[in-house]
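Secondary and tertiary structure notes
Okay, here's what each chain looks like letter by letter:
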Amino acid sequence: MKIRTLRARQIFDSRGLPTLEVAVRLADGSVGVGSAPSGASTGSHEAKELRDGGSAYGGKGVSRAIEGVNGPIREALTGMDAADQCGIDERLAELDGAPDKSKLGGNALIATSWAVADAAASSAGMPLYRWLGGVSARQLPCPMFNVINGGRHADNNLDVQEFMFVPAGADSFHEAMRMGAECYHALRKLLREAGLSTAVGDEGGFAPSLGRDEEALEWMLRAVEAAGWKPGEDVCLALDCAAAEWADGEHYRQPKSGARFRRAELIEYYDALSRRFPLCSIEDPLGEEDFEGFREITEALGGELMIVGDDLFTTDAERLFRGAALGAANAVLVKPNQIGTVSEALETVQLARKSGYAVVVSHRSGETLSPAIADLAVAVGAEYIKAGAPARGERLAKYNRLLEIEEELR
Ligand code: PGA
Ligand code: ZN
């Protein structure tokens, strides 16, 4: 079905910063929308957002990205077949021309790419997960709830960016939601009773200032028990260290605590943490260029733990290929806006499958109300989805969409 026209407009993301939404209209009248989320702890190898600079919105305006969609992108895509997602995405990458998609902007490209997929699904009379994943798209991911926020996502003193509840013992998605929500509320109660802040960070998790990062895990353990679930059996714990933010030459230095580690010391630290707490996953335990460190930690702890590469791979099949050849990490985070188009994200998932890596589909810290990544997670049969705490509308947009898909598939 041919694309009749498309149009971008400015909306705001969950941090109150400008982003863009694209609407695509097909010749049969079907309409699809897509939008661009935005990260705070972005990897250096991510597709680059096109931002205006200057004084408006502190330089974060997106009028140039919008002009690109309403100009050259519209001109090139009008008349193309929306069902040919790969052809559309190749055309987008070609129009941009820069390897980091900085000319038209990764934000302009991903919003357009999602909008085309959404329109094509609607024209075919299918939900997006079925359109992208085919008949075998039937498996719901296990949610990873980011309930304590630190690092760049909160103005507290925690260096680890995300502390997550993973209801690995749930036997359905709705039960996983119940476990996550109950533990989240138990955590709020415990923090409040201890006189700690229950204000939330960018992804809806609490952002208390604590003595040490380990205390966050201690509070979480207590919360799981207080909610009546078994830690390590019903609910496991997970971290996203976003340690690319800690890289300091040959070493690592946590910016808030000031603690310094050599690579081997950091790996020992994680080893000790995983003995003390029921951890099932650590994302970005080391820096984004530290392939060798990822290989070492995967060799040491990868039998027990999921070692997830986010900034390491930036959803880029080439970087994943390099990591898989070494045995660096055993899971890949998939954030479509990191690579810039839907089909490139699907290509990365395909390579992950061939390489025996688990797949974690993920939101960004700055989000929109789009539920598209929920559909993507089901389409590719992702083992996990990371969409923040079970709180705040832009996070629940993804989880609530998965509840809806679960009902459809029942
Ligand atoms: P970001 O954080 O969206 O700020 O990059 C999410 C993550 O690191 O997983
Ligand atoms: Zn991450």
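Data block above holds the structure.
Attention here is on the structure that accompanies the text. (Residues numbered from 1 in each chain as written. Chains lettered and ligands numbered in written order. Predicted model: local features only at pLDDT ≥ 70, side-chain atom pairs only at ≥ 80, totals over all residues. Heavy atoms only, no water.)

1. A short note on the site of ligand 1
Surrounding ligand 1, one finds 15 residues, the nearest of these being Ala40, His153, Arg364, Ser365 and Lys386. Within the side chain of Gln161, a nitrogen or oxygen atom sits 2.9 Å from an oxygen atom of ligand 1. For the shell around ligand 1, a count of residues per class yields 2 nonpolar, 5 polar and 8 charged. The residue makeup of the shell around ligand 1 includes at least three contributed by each of domain 1 (3–125) and domain 2 (134–409). (Near = heavy atom within 4 Å. Polar contact = N/O pair within 3.5 Å; in protein donor to acceptor, adjacent residues only side chain to side chain. Nonpolar A, V, L, I, M, F, W, Y, C, P; charged D, E, K, R; others polar. Domains from an automatic or database assignment.)

2. Topic: the side chain of Thr341
Among the secondary structure elements, Thr341 is positioned in the loop between helix H10 (336–339) and helix H11 (342–354). For Thr341, the side chain forms a polar contact with the side chain of Glu344, separated by 2.5 Å. Dropping the residues within four chain positions of it, Thr341 is found in contact with Asp89, Leu92, Ile110, Ser113 and Pro336. (Helix = DSSP H or I, 4+ residues; strand = E, 2+ residues; numbered from the N terminus. Contact = heavy atoms within 4.5 Å.)

3. Considerations on the sheet that holds strand S2 (residues 18–26)
Pairing in this open sheet of 3 strands is antiparallel, and the strands run S1-S2-S3 from one edge to the other. Looking at strand neighbours, the two that pair on one side only are strand S1 (3–12) and strand S3 (31–35), the edges of this open sheet. Between one strand axis and the next, the sheet turns through 20° on average, direction left out of account. Strand contacts of helix H1 (residues 63–77): S1 and S2, with the helix running at about 170° to S1, the strand carrying the most contacts. Of the strands in this sheet, S1, S2 and S3 touch helix H3 (residues 106–123), which is tilted by about 150° from S3. (Pairing = 2+ DSSP bridges. Axes fitted to C-alpha atoms, helices over the stretch in contact; angles between N-to-C directions.)

4. Comments concerning the sheet that holds strand S7 (residues 247–248)
Taken in spatial order, the 3 strands line up as S7-S8-S9 in an open sheet, and their pairing is antiparallel. In this open sheet, the two strands that pair with only one neighbour each are S7 and strand S9 (260–261). As judged from the 2 bridges shared by strand S8 (residues 251–253) and S9, these two strands associate in the antiparallel manner. Residue pairing across strands places Tyr252 opposite Phe261, the latter belonging to S9.

5. Structural notes on the nonpolar core
Ranked by size, the top nonpolar core spans 121 residues in total, and within it Leu20, Ile73, Phe165 and Leu187 carry the most contacts. Tallying contributions element by element places H3 first for this core, with 11 residues. Counting residues in each nonpolar core, the second largest holds 14 residues, with Cys142, Met144, Cys236 and Val308 among its members. (Core = buried A, V, L, I, M, F, W, Y, C linked by side-chain atoms within 4.5 Å. Buried < 20%, exposed > 50% of the residue type's maximum accessible area, 1.4 Å probe, protein only.)

6. Quick notes on the pattern of salt bridges
Summed over all chains, the structure comprises 29 salt bridges. The partner of Glu296 in a salt bridge is Arg263, and the shortest N-O contact between them spans 3.4 Å. Of this pair, Glu296 sits in helix H8 (residues 291–301) while Arg263 sits in helix H7 (residues 263–276); the two residues are 33 residues apart in sequence, bridging distant segments of the chain. Connected through salt bridges with shared partners, the residues Glu162, Asp240, Glu283 and Lys386 form a single ionic network. (Salt bridge = Lys/Arg side-chain N within 4 Å of Asp/Glu carboxyl O.)

As far as function goes, none of this settles anything; it's purely spatial.
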